[in-house]
Amino acid sequence: MACDPGVTHPMSPQTPIKGASHLGWGMKNRLMRLIRPDGRCFYLPIDHGYFLGPTRCLERPGETIRPLLPWADALFVTRGVLRAAVPPDVSTPIILRVSGGTSIAGHDLADETLVASIEEIIRCNATAVGVSIFVGSDYEKQTLKNLADIVSMCQPYEIPVMAVTAVGKELEKRTAKYLALACRIAAELGANVVKTYYASEDFEKVTEGCPVPVVIAGGPKCETQREVFDFVYDGLQRGATGVNLGRNVWQDPHPVAMMRSLHALIHDGLRPDEAAALYGELASSEGPEASG
Ligand code: 5RP
């Protein structure tokens, strides 16, 4: 066999988790909670406030997530919002954001540090943690060290690490060449999952060059729902394991319809046109009062 296919879900022998076959039981158990037996995942991020403040439609995060959680495979959240706005009986796995320390008003978003200890990660009962890296920035080395340090902190407890290949304000960096570089470096430093952006050209180079699952982030809100369905579908066809979509879900006029349609595209095999039709049906059945 040319390469390690990863650990296989007992319920679905066709869908191994990439790069996980040699990990310990605790790590496999947590990864299997984060990636469904169909080999796919749909994470709901609400961590934006850690540098953006009260982001539109996330001013009251507890209210934003309440109707969306049934369709989320994990919630990506800071410890502050977790304690303040997420009920402790939540059954959705928590991915705790543990890098930060910068803001949109500061000198450079890339100048991040680690903001939670291993004791705090365990106290929050996190299934995994997430940390940003800024490859190519003035803070490349510092943020890569943040990633290496959190991997060293989490490995003894078999807690998976999701690396976030962040670009700060430089959205034009989102080319397959750059993203492949950043994703591979993240995996080399020990990330178990890598979150990155979608690129319309050569995206398979990003997923093929990364020995662990790649999850796509959404970025700023798209003009139409169809654009979102198209890039998510294409990313999955080209090797992504799933998505971590925030603004394109909870800033949509019909967030529940968007969440459910994306869930059906990711987990039930709907094509973009079918997901768009489902969105139309669900949105019209919610009625105009559901628009936000
Ligand atoms: C913000 C993040 C977000 O989790 C990520 O960008 C996904 O959210 P969106 O789909 O809104 O871009 O890491 O720092």
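Residues numbered from 1 in each chain as written. Predicted model: local features only at pLDDT ≥ 70, side-chain atom pairs only at ≥ 80, totals over all residues.

Student: Account for the overall build of the protein chain, with residues named and values stated.
Tutor: When its secondary structure is counted, the protein chain shows 12 helices and 12 strands. Relative to the compact-globule value of 19 Å for 292 residues, the protein chain shows a C-alpha radius of gyration of 18 Å, a close match. The dimensions of the protein chain, computed from C-alpha atoms along their principal axes, are 50 × 50 × 40 Å. Per-residue burial for the protein chain yields a buried fraction of 47% across its 292 residues. Of the contacts formed within the protein chain by residues at least 6 apart in sequence, a portion of 65% connects residues at least 24 apart. (Helix = DSSP H or I, 4+ residues; strand = E, 2+ residues; numbered from the N terminus. Rg over C-alpha atoms; globule rule 2.2 N^0.38 Å. Buried ≥ 20, exposed ≤ 12 C-beta atoms within 10 Å, placed from the backbone. Contact = placed C-beta atoms within 7 Å.)

Student: Describe helix H12 (residues 272–286), naming the residues involved and giving the relevant values.
Tutor: Under the 1.5 Å per step criterion, the end-to-end length of H12 is 21 Å for 15 residues, consistent within 8% with the ideal 21 Å. Those residues of H12 that sit buried are Ala 275, Leu 278, Tyr 279 and Ala 283. On an axial view of H12, the arc spanned by its buried residues comes to 130 degrees, and they lie on one face. Turned more than 90 degrees away from the buried face of H12, the exposed residues are Asp 273, Glu 281, Ser 284 and Ser 285. Contacts from the buried residues of H12 go to helix H9 (225–237) and helix H11 (255–267). Trailing H12 by a residue or two, Gly 287 shows a phi angle of about 85 degrees, which is positive. (Expected span 1.5 Å × (residues − 1). Arc of directions from axis to C-beta.)

Student: Hey, could you go over the site of the ligand for me, with residue numbers and the actual values?
Tutor: Within the structure, the ligand sits among 13 residues, and Pro 45, Ala 217, Gly 218, Gly 246 and Arg 247 are positioned closest to it. Within the shell around the ligand, the residues separate by chemical class into five nonpolar, six polar and two charged. (Near = placed C-beta within 6 Å. Nonpolar A, V, L, I, M, F, W, Y, C, P; charged D, E, K, R; others polar.)

Student: Residues and numbers for the packing of H9 against H11, please.
Tutor: Two numbers describe how H9 lies on H11: the axes approach to 10 Å, and their chain directions differ by 25 degrees. As summarised for this structure, H9 and H11 are arranged roughly parallel, according to the angle between their axes. Judged by the twist between their axes, the crossing of H9 over H11 is right-handed. Contacts between H9 and H11 pair Gln 225, Phe 229, Val 232, Tyr 233 and Leu 236 from the former with Met 258, Leu 262, Leu 265 and Ile 266 from the latter. Looking at the contact of H9 with H11 residue by residue, the classes come out as eight nonpolar, one polar and no charged. (Axes fitted to C-alpha atoms, helices over the stretch in contact; angles between N-to-C directions. Parallel < 35°, antiparallel > 145°, perpendicular 65-115°, else oblique. Left-handed = near helix turned anticlockwise from the far one by under 90°.)

Student: Residue-level account of H9, with values.
Tutor: A rise of 1.5 Å per residue sets the reference length of H9, with its 13 residues, at 18 Å; its end C-alpha atoms lie 19 Å apart and thus fit the reference within 8%. Within the sequence span of H9, burial applies to Gln 225, Val 228, Phe 229, Phe 231, Val 232, Tyr 233 and Gly 235. On the buried face of H9, the contacting elements are helix H8 (203–208), strand S11 (214–217), strand S12 (242–244), helix H10 (247–250), H11 and H12. Looking one or two residues beyond H9, the residue adopting positive phi is Gly 239, at roughly 110 degrees.

Student: Give me the lowdown on unusual backbone geometry, citing residues and values where you can.
Tutor: Unusually for a residue other than glycine, Cys 57 sits at a positive phi of about 75 degrees. Of note, Cys 57 is situated in the loop between helix H2 (49–52) and helix H3 (61–65). Even without being a glycine, Asp 202 presents a positive backbone phi close to 60 degrees. Looking at the secondary structure, you find Asp 202 in the loop between strand S10 (193–197) and H8. Asp 202 sits in the partly exposed class, given 14 other C-beta atoms within 10 Å.

Student: Could you give an account of the packing of H11 against H12, with specific residues and numbers?
Tutor: Running from N to C, H11 and H12 cross one another at 150 degrees; their axes reach a closest spacing of 9 Å. Relative to H12, the element H11 is oriented roughly antiparallel. The chirality of how H11 crosses H12 is right-handed. Facing Val 256, Ala 257, Met 258, Arg 260, Ser 261, Leu 262, Ala 264 and Leu 265 of H11, the residues of H12 in contact are Ala 275, Leu 278, Tyr 279, Leu 282, Ala 283 and Glu 286.

Student: I'd like to hear about the pairing of S11, residue by residue, with values.
Tutor: Of the two faces of S11, the one lined by Val 214 and Ile 216 and the one lined by Val 215 and Ala 217 are each fully buried. Strand direction decides the pairing type here: S10 and S11, joined by four bridges, are parallel. Of the residues in S11, the one forming a bridge with Lys 195 is Val 215. As a crossover connection, the stretch from S10 through H8 into S11 is right-handed. Sheet topology places S11 next to S12; three bridges connect them, and they run parallel. The residue of S12 that forms the bridge with Val 215 is Gly 242. As a crossover connection, the stretch from S11 through H9 into S12 is right-handed. (Pairing = 2+ DSSP bridges. Right-handed = clockwise from strand over helix to strand, strands pointing away.)

Student: Which residues make up the pairing of strand S8 (residues 128–133), and what values do they have?
Tutor: Most of S8 sits inside the fold, with six of its six residues counted as buried. Of the two faces of S8, the one holding Ala 128, Gly 130 and Ser 132 and the one holding Val 129, Val 131 and Ile 133 are both buried throughout. Where strand S5 (residues 94–97) and S8 come together, three bridges link them in parallel fashion. The residue of S8 that forms the bridge with Arg 97 is Gly 130. Remark: the S8/helix H6 (residues 140–154)/strand S9 (residues 161–165) crossover connection has right-handed handedness.

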